[in-house]
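The lines below spell out each chain.
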Amino acid sequence: MTASLRQAGPPAAPIVVPVALAERAYDIVIGRGLIASLGERIKALRPGAKVAIVTDATVAKHHLTAAEHALKSAGLESSAIVVPQGEGSKNFATFETVCEAIIAARIERGDLVIALGGGVIGDLAGYAAASARRGLDFVQVPTTLLAQVDSSVGGKTGINSRHGKNLVGAFHQPILVIADSALLDTLPQREFRAGYAEVAKYGLLGDAAFFSWLEANWRDVFSGAAAREQAIAVCCRGKAGIVARDERETGERALLNLGHTFGHALEAGCGFSGRLLHGEAVALGTALAFEFSARRGLIAAAEAARACAHLAAVGLPTHLKDVPGGAPGIDVLMELIAQDKKVKRGKLTFILVRGIGQAFVENDVAAADVRAFLADKFTSA
C-alpha cells in the first residue's frame, strides 16, 4: 500500500485506482479539479443518460453549479434533489423523499444518480439508487475526506434506524467514483479532521508503514500538499483490495470496522447530532479498541498509547471525557453495541489489534468484559 508515497511532487495526471469486481468493476479517479470532467466521464460510461444529482443544502451552495455545468457541457440533462445537511437525513422520511423525487424526474433504468456530498449523501443516494425502479446505476462524487477515503468506495449504502446506525440498506456498487481533492478545500477544519480518522484507520488496521508515514506527514495532508492525494490513493487502494476479496463482508472486510463498534454506539447515543461527528466517533472508538486490546493482553500498552497519541495530536477525541455534554451512559452504549450489525447469534464481535497494522476479528467477546472495560474508562474519564 505504501509504494505510492515514494513519489515526489503532485502527480502529473489523476490517480486511477481500479476496484476489481468482475462485471461490477469500476474506477476511483483521484486528483484536483476533476469535477469539471464529470460530464465527459459519465458520458463515456452512459451516453445520453439523464442524471439526478442528490446533494445537501451546504454542498449545493459550493459545488452543485459546477456539477450541473459539467453535465450540461457534455450534453447531459440533470435535475437536483437537495436534502438537509447532516446525519439526520439518513432516515426513512428523507429516503422516501429522494426516491419519489428520482421517480418524478423520470429517471429510467438506463439513467443514473449522482451522490454529490459526504458520507451521508453517499449512503442515502446510493440506497435510493439501489431501490428506485428496482435498481439504478449511480456515481459517487464525495466532497469530504471521510467519503473520499472510505464510504464512497465498496457499495455499502443505507440509512439509520432508531435502533442504530446503518441498520437498513443494501450493497450497491457505484459505476464510478470521482474524488476531487480540491473539493476538500471548502471543508470546515473540524469536518476534515473527522475524516482523517478514517485515513489513520487504514494504517492502524493493516499498514504499519503507512501509519508511520502519517505520523510524519499528517500536517501536509491537512494543508492540501501532494501528500493529501497520496494519502487518499493509499486508502482507496487498501479498501479496493479488501472489497475485491470480500465484497459482502463475510470475512476480511469486517476489519474496516476498526473503531466502529464503540464508535457507532457513541454516535447513536449522542443522537447522530453535531455533538459527535462520525469521524470523531470512529477516532474515539479506535482509541477504545486499542485500549480494550491492551486490557486483554493482545498489544503492549505503549503501542496502544502510540496509536491514541497520534489521533489526539491531530485534535481528535480519544477519551470519553472528550465528548461534548458527556458520553452516553454504559447501559445506553451496551444496548447499542448489542444492535451492532456484526453481532452474530447474540455474540458480540469486535475488531481488535495485536499491534499497529495488525487488526483481526474477534467473534466472541463477552458483554460483561466490555461493560467492565467501559466502567473503568468512565471512572478514569
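Further up the page is the structure itself.
Nothing here was measured: the structure is a model prediction, and the numbers come from that model.

This paragraph deals with the state of the cysteines. Applying the stated criterion across every chain yields a total of zero disulfides. Left without a disulfide partner, Cys 236 is nearest to the cysteine sulfur of Cys 235, which lies 6.9 Å away. On the accessibility criterion, Cys 236 (0% relative accessible area) is buried.

Helix length check: helix H10 (residues 278–295), at 18 residues, gives a terminal C-alpha distance of 25 Å against a target of 26 Å (1.5 Å per residue), a fit within 8%. For H10, the buried fraction is high: 16 of the 18 residues fall into the buried class.

Let's shift gears to the sheet that holds strand S3 (residues 51–56). Ordered by their spatial adjacency, seven strands build an open sheet running S1-S2-S9-S6-S5-S3-S4, and the pairing between neighbours is mixed. Each edge of the open sheet is held by one strand with a lone partner, namely strand S1 (15–19) and strand S4 (78–83). Across the sheet, the axes of successive neighbouring strands diverge by a mean angle of 20°, strand direction being ignored. Two elements, S3 and S4, share six bridges in a ladder whose sense is parallel. Each bridged residue has a counterpart across the sheet, and for Val 54 the counterpart in S4 is Ile 81. Against the sheet, helix H2 (residues 57–73) makes contact with S3, S4 and strand S5 (112–117), and its axis sits at roughly 160° relative to S3, the strand it touches most.

Within the structure shown, the criterion is met by 20 salt bridges. The closest approach of N and O atoms between Arg 245 and Glu 252, which form a salt bridge, is 2.8 Å. The class of Arg 245 is exposed, set by a relative accessible area of 57%. A salt bridge links Arg 295 to Asp 376, with the nearest nitrogen and oxygen atoms 2.5 Å apart. Here Asp 376 lies in helix H13 (residues 367–380) and Arg 295 lies in helix H10, a separation of 81 residues in the sequence.

Attention shifts here to the packing of helix H12 (residues 330–338) against H13. Relative to each other, H12 and H13 sit at 145°, their axes nearing to 10 Å. In the crossing of H12 with H13, the sense of the turn from one axis to the other is right-handed. Across from Ile 330, Asp 331, Leu 333, Met 334 and Ile 337 in H12, the residues of H13 making contact are Ala 367, Val 370, Arg 371, Leu 374, Ala 375 and Phe 378. Taken together, the residues of the contact of H12 with H13 break down into nine nonpolar, no polar and two charged.

A few words now on the side chain of Asp 180. By the element assignment, Asp 180 lies in strand S9 (residues 176–180). Arg 32 provides the closest opposite charge to the buried, salt-bridge-free Asp 180, at an N-O distance of 6.3 Å. Among the polar contacts made by the side chain of Asp 180, one reaches the main-chain amide nitrogen of Ile 35 at a distance of 2.9 Å. Apart from residues no more than four positions distant in its own chain, Asp 180 is found in contact with Gly 31, Arg 32, Gly 33, Leu 34, Ile 35 and Gln 148.

Cut-off values and rules
Residue positions within a chain follow its written sequence, with the count starting from 1. In keeping with the model being predicted, local features are shown solely for residues with a pLDDT of at least 70 and side-chain atom pairs are shown and tallied solely at 80 or more, while totals for entire chains, interfaces and linings include all residues. The side-chain figures draw on all heavy atoms in the structure; neither hydrogens nor water molecules are used. Put simply, a disulfide is two cysteine sulfurs that come within 2.5 Å. The buried label applies to any residue whose accessible area, calculated with a 1.4 Å probe on protein chains only, is under 20% of its type's maximum; exposed applies above 50%, and partly exposed to all values in between. Secondary structure elements follow DSSP: runs of H or I of four or more residues count as helices, runs of E of two or more count as strands, with numbering from the N terminus. Any helix carries an expected span of 1.5 Å times its number of residues minus one. Here, a strand pair is defined by DSSP locating no fewer than two bridges between the strands. All axes are obtained by fitting lines to C-alpha atoms, using only the stretch in contact for helices, and the reported angles, taken between N-to-C directions, cover 0 to 180 degrees. Only heavy atoms enter the contact rule, under which two residues are in contact if any of them lie within 4.5 Å. Each salt bridge in this description consists of a side-chain nitrogen of Lys or Arg and a carboxyl oxygen of Asp or Glu lying within 4 Å of one another. Note on convention: near helix rotated counterclockwise from far helix by under a right angle means a left-handed crossing. Clockwise means right-handed. Following the grouping adopted for this structure description, the nonpolar residues are Ala, Val, Leu, Ile, Met, Phe, Trp, Tyr, Cys and Pro, the charged ones are Asp, Glu, Lys and Arg, and the polar ones are all others, Gly among them. Only four residue types enter the charge count, namely Lys and Arg as positive and Asp and Glu as negative; His and the chain termini do not. In protein, a polar contact requires one atom able to donate a hydrogen and another able to accept it; more generally it is a pair of N or O atoms within 3.5 Å, and residues adjacent in sequence count only if both atoms are side-chain atoms.

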